[in-house]
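One letter stands for each residue in the lines below.
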Amino acid sequence: MSAEVFSVFYQFADVFAFLILSAAGLAIVFGMMGVINMAHGEFIMCGAYVTVGLVNLGVPLPIAQILAAITAGLIGVVVEYLVVRRFYKRPLDSLLATWGLSLIVTQSMLLIVGSSVRGIGTPEGSFAIGDYTFSTYRLVLFGAAVAVLAGLYIVFMKTRFGVIARATMQNAAMAKALGARTGRIYAISFGIGAGLAGLCGALYAPTMTLIPTMGATFIVESFVTVVIGGANVLLGTAPAAVLLAMIRMVLNASYGQIIGQIGMLVAVILIIRVLPEGLSSVFVRRGR
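Residues numbered from 1 in each chain as written. Predicted model: local features only at pLDDT ≥ 70, side-chain atom pairs only at ≥ 80, totals over all residues. Heavy atoms only, no water.

### Concerning the nonpolar core
Within the largest apolar cluster, 67 residues are counted, with the highest numbers of intra-cluster contacts made by Phe16, Leu21, Met33, Phe190 and Tyr204. The element best represented in this core is helix α1 (residues 3-32), accounting for 16 residues. Beyond its immediate chain neighbours, meaning those up to four positions away, Phe190 contacts Val29, Met33, Val35, Asn37, Phe43, Gly76, Val79, Glu80 and Val84. (Core = buried A, V, L, I, M, F, W, Y, C linked by side-chain atoms within 4.5 Å. Buried < 20%, exposed > 50% of the residue type's maximum accessible area, 1.4 Å probe, protein only. Helix = DSSP H or I, 4+ residues; strand = E, 2+ residues; numbered from the N terminus. Contact = heavy atoms within 4.5 Å.)

### Let's talk about the UniProt feature "transmembrane region" (unreviewed entry) in the chain
Per the UniProt entry, the sites bearing "transmembrane region" (unreviewed entry) are residues 15-36, 43-59, 65-84, 96-117, 137-156, 185-204, 224-246 and 258-276 in this numbering. Between the end C-alpha atoms of residues 96-117 there is a gap of 29 Å, over a span that is 82% helix and 0% strand. (UniProt positions renumbered as here; feature names shortened; annotations may be inferred.)

### Looking at the pattern of salt bridges
By the definition in use, this model includes four salt bridges. As a salt-bridge pair, Asp93 and Arg90 come within 2.7 Å of each other at their nearest N and O atoms. Its relative accessible area of 28% is what places Asp93 among the partly exposed residues. Among the salt bridges present, the one from Glu221 reaches Arg248, with a minimum N-O distance of 3.0 Å. (Salt bridge = Lys/Arg side-chain N within 4 Å of Asp/Glu carboxyl O.)

### Digging into the packing of aromatic side chains
For the coordinates displayed, the defined rule picks out 17 aromatic pairs. A connected cluster of aromatic rings, assembled from ring pairs, spans Phe6, Phe9, Tyr10, Phe12, Phe16, Phe127, Tyr132, Phe134 and Phe142. (Phe/Tyr/Trp six-rings, centres within 6.5 Å; stacked < 30°, edge-to-face > 60°.)

### Comments concerning helix α2 (residues 40-56)
Taking 1.5 Å as the rise per residue, α2 with 17 residues should run 24 Å; its terminal C-alpha atoms sit 25 Å apart, in good agreement. Among the 17 residues that make up α2, 13 are buried, leaving the element largely enclosed by the rest of the structure. One or two positions beyond α2, positive phi appears at Gly58, with a value near 105°. (Expected span 1.5 Å × (residues − 1).)

### Notes on the pairing of strand β1 (residues 126-129)
When β1 meets strand β2 (residues 132-135), the two strands line up antiparallel, connected through four bridges. Bridged to Ile129 within β2 is Tyr132. In this antiparallel pair of consecutive strands, β1 and β2, the connection spans two residues, and Gly130 shows a positive phi of 65°. (Pairing = 2+ DSSP bridges.)

### Some details on the confidence of the model for the chain
Across the chain, pLDDT averages 87, with 97% of residues at or above 70. Taken element by element, the chain is modelled with least confidence in helix α12 (residues 280-287), mean pLDDT 63, and with most confidence in helix α3 (residues 61-82), mean pLDDT 95. (pLDDT = per-residue confidence, 0-100.)

### Let's talk about the side chain of Ser94
With respect to the element layout, Ser94 can be found in helix α4 (residues 91-113). Residues in contact with Ser94, not counting those within four places in the same chain, are Val35, Ile36 and Phe87.

### A look at the side chain of Thr182
Relative to the helices and strands, Thr182 is located in helix α8 (residues 182-204). For Thr182, a relative accessible area of 12% corresponds to the buried category. Beyond its immediate stretch of four places on either side in the chain, Thr182 contacts Thr168, Ala172, Ala175 and Lys176.

### Quick word on the environment of Leu210
On the secondary structure map, Leu210 appears in the loop between α8 and α9 (216-229). When its relative accessible area of 0% is taken as the criterion, Leu210 is described as buried. Between the alpha carbons of Leu210 and Tyr49 there is a distance of 7.2 Å; along the sequence they are 161 residues apart. Ignoring sequence-local partners within four residues, the contact set of Leu210 consists of Ala48, Tyr49, Val52, Ser115, Ser116, Val117 and Ala205.

### Things to note about the packing of helix α6 (residues 160-170) against α8
Close contact between α6 and α8 brings their axes to 10 Å; oriented N to C, the two are set at 105°. As the angle between them shows, α6 and α8 are arranged roughly perpendicular. Note on element contacts: α8 touches α6 through Thr182, Ile185, Tyr186, Ile188, Ser189 and Ile192, opposite Phe161, Ile164, Ala165, Thr168 and Met169. (Axes fitted to C-alpha atoms, helices over the stretch in contact; angles between N-to-C directions. Parallel < 35°, antiparallel > 145°, perpendicular 65-115°, else oblique.)

### Considering the environment of Leu21
Of note, Leu21 is situated in helix α1. Judged by relative accessible area, which is 3%, Leu21 ranks as buried. Note: C-alpha distance between Leu21 and Gly201 (180 residues apart in sequence) is 8.8 Å. Apart from the residues within four sequence positions on either side, Leu21 is in contact with Leu141, Ala144, Ala145, Val148, Leu196, Cys200, Leu203 and Tyr204.

See below:
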């Protein structure tokens, strides 16, 4: 593989990993559960802050990242029980409630830890191919994104919990009538979504400056990836990330990151106009 070809793949893998890792948790909470979670970025921020705090205490980075994801997931379960549970049939109210929670958390972190926190530096070093130098950790992020996709597929398609969860989210009343403990299913599902958001923050913590508003860096890409993926997140999120990553990679390489961001958002508008039900609707129709 030539250096130029690998450079193209590397740029694609970098954007793809960012989209998948930032959108995976929201794909469950928003795409499957229908909760417009405006606090998604704060769960990502939680994962990043916990990771850096644990590493500064001497915990190895991989263990700190796992613990950060678990912490965000447990907080998600609490938030679901105290706040979100009341708004499953009121999506606009869920937007306002989680937006308010987002503002509270952001301002609280600003008061508690200040405007920024000392980072931990990107691990793994770098490697060279031809005249190009690449960060090894960026490939780790790509591998993590693929693993998250595989894990979501296994959990929601190949396990008993996944079958009951999908049934609950499609028709909660019927699932409850058949004996499903829908309250517990919702809490666990929201916790998984929050945990995946925390994992995203944990994985990107070594690559970013930690500030209380860092979740905003991820929130736009998260929502647009889930929205154009469509209702079936298991079929739509990955194709959406592939398509958006290719568009943004080409525009970034040709015109810079700002044009890449704008071009990606324009592409999202066009895709929604042509496919209002998202990319997953194409695969669903073909499967019939």
